[in-house]
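Listed below are the residues making up each chain.
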Amino acid sequence: MSKHHVSATVNGEPVEFLCEPQETLLDVLRDHLNLTGSKEGCGSGDCGACSVIVDGRLMCSCLMLGAEAEGRAIDTIESLAQGETLHPLQQRFLEHAALQCGFCTPGFLVAAKALLDRNPNPTESEARYWLAGNLCRCTGYDKIIRAVMDAAADLRK
Amino acid sequence: MAYETLKVVGTRPIRPDGVDKVTGRAQFGADMTMPGQLVGKMKRSPHAHARIVRIDASKALALPGVKAVVTAADFPDIPDEMAFVGEGPMNFRDLSCNCMARDKALYEGHAVAAVAATTSAIADDALALIDVVYEVLPHVIDVEAAMAEDAPLLHPRMLTQGVQPAPTKPSNIAKKMVFSLGDVAQGFKEAEAIVQRKYTTKPVHQAYIEPHACIAAASSDGQAQIFSSSQGQFMIRAYVAKLLSIDISNIRVTPAEIGGGFGGKTLVYLEPVALALSKKCGRPVKMVMSREEVFKASGPTSGGAVEVKIGAKKDGTITAAEATLKYQAGAFAGSPVGPGCMAAFAMYDLKNVTITGYDVVSNRPKVAAYRAPGAPISTFGVESCIDELARKIGMDPVAFRAKNAAKNGTKAAYGPTFKDIGYVETLEAARKHPHYQQPLGKNQGRGVASGFWFNIGGESSAAVNINEDGSAVVVEGNPDIGGSRAAMAMMAAEVLGLPIERVRPIVADTSSVGYSFLTGGSRVTFATGMAVTQAAEQAVVELRKRAAVTWDIPVDDIAWVDGKAQPVGASAGKFPPLSLAEIALKSARTGGPIGGKAQINAQGAAPGYGTHICDVEVDQETGHVTILRYTAVQDVGRAIHPSYVEGQIQGGVAQGIGWALNEEYIYDKDGRLENPGFLDYRVPVCSDLPMIEAVVVEVPNPRHPFGVKGVGEVPIVPPMAAVANAIYDAIGVRMPDLPISPPRLRAAIDRRAEAAE
């Protein structure tokens with residue numbers, strides 16, 4: 001079984017990797033690029049813990065093959081903060097205690113970023129439907145939604 | 001309570017592990033790697049019940065890249081022995097057989113062999129090459145079918161405990177228990193209204209988003225390292241030591257960050273197997289469950305059948321209450337029917353009550369603890385029945401509960417006399433809440449339900465080390481499942497008089513901190529918080545001693561105020577206060593490093609109560625239920641970090657709503673699970689829920705330095721009945737069977753229409 005050679009841009013940096021044909025983008029990020037911030041909760045696109053942004057579009061990285069990343073630009077949770085400076089979503093998640101175990105948090109943050117990139121002023125209902133692809137079992141979503149709405153307001157300033 | 005004026009406790013600082021968790025840096029179970037690690041995978045039974053005739057792994061072992069295969073033959077054949085290292089008693093032998101089937105596979109997904117290989121793909125190929133010959137046996141899934149005289153037997157030697165005279169014929173009923181107070185028959189004679197009904201609940205999974213994961217490495221000298229995600233590194237150590245017959249001192253378990261547990265990570269599934277594989281091939285072995293494996297092979301909680309009968313006088317006084325609980329344990333004995341019985345009527349001050357419980361095995365995965373294990377199942381029945389009875393006698397459901405509420409001095413059917421409880425306060429807060437008065441529209445209804453949980457104490461260790469720059473480290477032994485590091489650091493900061501940012505907590509491995517019972521039973525903020533507080537107090541004693549040395553005055557003449565040593569009393573002399581940082585800087589000259597340590601068995605836990613108000617709207621055409629508004633009132637003793645207390649309540653409510661409306665294990669006729677994934681096992685998503693208002697009531701626990709009771713489990717107890725009662729209020733249809741999914745509600749609406757014709 002021969003491996004694929006793939007060139008892509010990950011978090012703004014050019015990367016090259018070899019991956020087996022059946023390996024997902026999530027496998028590549030976690031196992032080959034040491035970017036373990038994206039999590040595998042289901043492997044079937046149902047939980048959103050592996051959310052990444054591919055060429056500006058929100059994706060479950062468990063549903064995309066590593067080989068399909070050729071020539072694409074991928075942004076993961078690891079690129080959300082600018083150095084020491086947290087993104088307003090990250091800051092608001094902390095202030096609102098919008099995470100308990102923290103496992104779903106990277107996926108929520110990436111999905112919320114994708115929402116605010118496209119709709120800077122979402123209603124609560126729009127935020128709830130956009131984030132319905134991300135499962136959180138700890139918080140009941142209340143504080144997550146509050147954090148997202150507050151971060152949206154911060155970003156509009 | 002020792003601390004009345006508080007500076008840190010009760011505030012909402014950012015949690016100390018927060019930045020790592022919003023940047024993706026936190027290391028969860030599957031994030032750790034070791035040099036030379038192999039991939040471990042499990043071969044699982046496709047049958048619900050089958051004798052394992054033969055396992056031939058020779059073809060798998062011949063595959064290049066395969067380094068080891070283990071079966072039950074590689075595990076010590078340990079005797080029956082009850083263990084109390086997890087949440088609830090567990091038989092070590094059963095646990096061993098659950099990790100790796102011995103002789104029989106008892107449920108679909110039961111592990112029968114495991115392989116370690118160089119890649120995931122090779123491990124998958126190897127699993128397919130392991131040849132297992134089964135003799136398929138008749139199976140039984142549902143609890144009442146499993147209790148039948150002619151049911152297929154899972155364990156041919158299982159004789160029901162708790163029955164006199166002791167039975168001689170085996171059955172699937174592991175245990176019967178009875179809790180009783182007063183004279184129920186007489187009580188029902190005095191009743192002027194009686195409601196009697198049977199309720200059923202389906203098994204539901206904790207559904208933590210992080211699948212079980214670990215990495216284990218055995219050394220040739222007998223020592224072993226395990227890095228895993230669990231609710232207790234000491235629990236993992238104890239189970240692995242017993243299951244593999246290793247000295248405890250030879251195992252070091254490092255806790256990963258844990259991606260949710262809710263009780264489901266209080267057992268071992270992977271760790272003993274990964275270590276057995278590692279011992280066999282000499283390389284670290286990493287094992288991570290798939291979501292399908294989590295559903296099929298790790299513990300959901302029981303489904304149950306609950307019969308409830310309650311009688312009351314017209315003035316609202318309950319005269320008698322009776323319940324019979326039948327809980328599925330899964331493939332091995334040990335459902336949470338005991339706490340289910342004890343919690344069933346713990347909200348009420350009853351003179352006459354009898355609760356009978358049955359622990360029943362069937363061909364399903366062994367249940368694991370799930371948030372207030374057992375209580376939600378019995379409470380769904382009791383609180384639905386209470387609602388029906390309140391309506392029957394024409395009383396407001398909150399007033400009816402208040403009239404019969406357990407108070408200080410109430411003797412519970414299961415033994416204790418309650419003290420320092422705050423149930424009445426939750427009812428009062430619910431009654432006064434604007435939510436309770438808000439008008440409702442067509443097809444909308446309001447339901448109320450209450451719930452109880454014990455909360456526990458137990459063994460905890462902690463150390464507080466004062467650093468030379470005047471900052472501090474808190475070392476504790478309980479995995480932080482929902483923000484407990486923050487609570488630990490806050491209590492230490494309060495005692496030391498430091499700002500929270502100067503106190504850093506760590507959750508240490510099993511070799512770096514003393515034994516700590518697992519994170520469960522809503523115990524950590526209470527028990528480990530007590531240990532941390534005592535350790536910090538010990539450090540303060542030492543700090544005062546160093547000031548005494550510095551000033552050359554008796555230590556008793558020195559008080560610790562706002563993080564500073566101050567001379568007090570007439571004879572103490574006049575010295576400017578010495579700050580913690582000043583004392584720490586000179587510690588080498590005054591006696592060496594400063595710190596405190598506590599290893600305790602925390603006593604004096606106080607139970608928690610909650611009362612929930614739920615508004616729903618029912619779409620009678622589709623059977624879909626929308627949660628319009630939800631308010632959860634709970635007595636927590638004292639909220640150390642109110643945001644995380646609210647979060648526990650909100651999260652418990654969301655899980656309860658899922659249990660009420662959607663979640664269930666669905667089996668086909670062959671006993672195979674049909675919905676082992678999040679698409680078909682539907683947990684609530686963001687768009688299913690409104691904001692959930694948590695109302696925190698604080699009736700302090702005087703036996704904790706800050707008044708803590710515990711918070712995490714109570715909130716999952718009331719929601720199922722609150723939702724069902726709201727549905728009745730909306731459309732007049734009583735739903736005694738969970739989940740109240742659209743097809744089931746539609747069918748009930750149709751039945752009502754047919755009956756009316």
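Please read all numbers here as calculations on a predicted model, not as lab measurements.

Residue and element names in this part refer to chain A. Domain assignment breaks chain A into domain 1 (4-79) and domain 2 (88-156). For domain 1 versus domain 2, the separation of C-alpha centres amounts to 21 Å. On the side of domain 2, eleven residues touch domain 1, which itself brings 13 residues to the contact. In terms of residue class, the side of domain 1 that touches domain 2 is made up of seven nonpolar, five polar and one charged.

Residue and element names in this part refer to chain B. Taken N-terminus to C-terminus, the directions of helix H7 (residues 233-244) and helix H8 (residues 271-281) make an angle of 55°; their axes are 9 Å apart at the nearest point. Relative to H8, the element H7 lies oblique. Once H7 is placed against H8, the crossing between them reads as right-handed. Contact with H7, carried on its side by Ile 236, Tyr 239, Val 240, Leu 243 and Leu 244, involves Glu 271, Pro 272, Leu 275 and Ala 276 of H8 and no other residues of that element.

Moving on: the sheet that holds strand E3 (residues 51-54) of chain A. All names here are of chain A. Spatially, five strands are ordered E2-E1-E5-E3-E4 in an open sheet, and the strand pairing comes out mixed. Across the chains shown, the open sheet's two edge strands, defined by having one partner strand only, are strand E2 (13-19) and strand E4 (57-60). Strand-to-strand, the axes of this sheet are offset by a mean angle of 40°, without reference to chain direction. Pairing between strand E1 (residues 4-10) and strand E5 (residues 73-75): two bridges, direction parallel. Each bridged residue has a counterpart across the sheet, and for Val 10 the counterpart in E5 is Ile 74. Against the sheet, helix H3 (residues 105-118) makes contact with E3 and E4, and its axis sits at roughly 35° relative to E3, the strand it touches most.

Another aspect to go through is the domain arrangement of chain B. All names here are of chain B. Each assigned domain of chain B is listed with its residue range as follows: domain 1 (18-25 + 457-602), domain 2 (32-137 + 210-259 + 265-297) and domain 3 (304-455 + 606-756). Between the C-alpha centres of domain 1 and domain 2 there is a distance of 39 Å. Taken together, the contact between domain 1 and domain 2 spans 14 residues of the former and 15 residues of the latter. Counted by class, the side of domain 1 that touches domain 2 contains six nonpolar, seven polar and one charged residues.

The subject of this paragraph is the packing of helix H12 (residues 397-404) of chain B against helix H13 (residues 423-432) of chain B. Residue and element names in this part refer to chain B. Across the interface, H12 lies against H13 with an axial gap of 10 Å and an inter-helix angle of 160°. When the interaxial angle is binned, H12 and H13 end up roughly antiparallel. Between H12 and H13 lies a crossing of left-handed hand. Contacts between H12 and H13 pair Val 398, Arg 401 and Ala 402 from the former with Val 424, Leu 427, Ala 430 and Arg 431 from the latter. Split into classes, the residues belonging to the contact of H12 with H13 amount to five nonpolar, no polar and two charged.

Keep in mind that low pLDDT regions are not for reading the predicted coordinates in detail. The predicted model of chain B averages 97 in pLDDT, with 100% of residues at 70 or higher. In the predicted assembly, ipTM is 0.98 and pTM is 0.98.

This part is about unusual backbone geometry. All names here are of chain B. Going from Gln 164 to Pro 165, the amide bond is cis rather than trans, its omega being -10°. Structurally, Pro 165 is set in the loop between helix H5 (143-147) and strand E9 (173-181). For Asp 103, which is not a glycine, the phi torsion comes out positive at approximately 70°. With respect to the helices and strands, Asp 103 occurs in the loop between helix H3 (92-99) and strand E6 (104-105). Classification of Asp 103 as exposed rests on a count of 10 C-beta atoms within 10 Å.

What counts and how
- Residues numbered from 1 in each chain as written.
- Chains lettered and ligands numbered in written order.
- Predicted model: local features only at pLDDT ≥ 70, side-chain atom pairs only at ≥ 80, totals over all residues.
- Domains from an automatic or database assignment.
- Contact = placed C-beta atoms within 7 Å.
- Nonpolar A, V, L, I, M, F, W, Y, C, P; charged D, E, K, R; others polar.
- Axes fitted to C-alpha atoms, helices over the stretch in contact; angles between N-to-C directions.
- Helix = DSSP H or I, 4+ residues; strand = E, 2+ residues; numbered from the N terminus.
- Parallel < 35°, antiparallel > 145°, perpendicular 65-115°, else oblique.
- Left-handed = near helix turned anticlockwise from the far one by under 90°.
- Pairing = 2+ DSSP bridges.
- pLDDT = per-residue confidence, 0-100.
- Buried ≥ 20, exposed ≤ 12 C-beta atoms within 10 Å, placed from the backbone.

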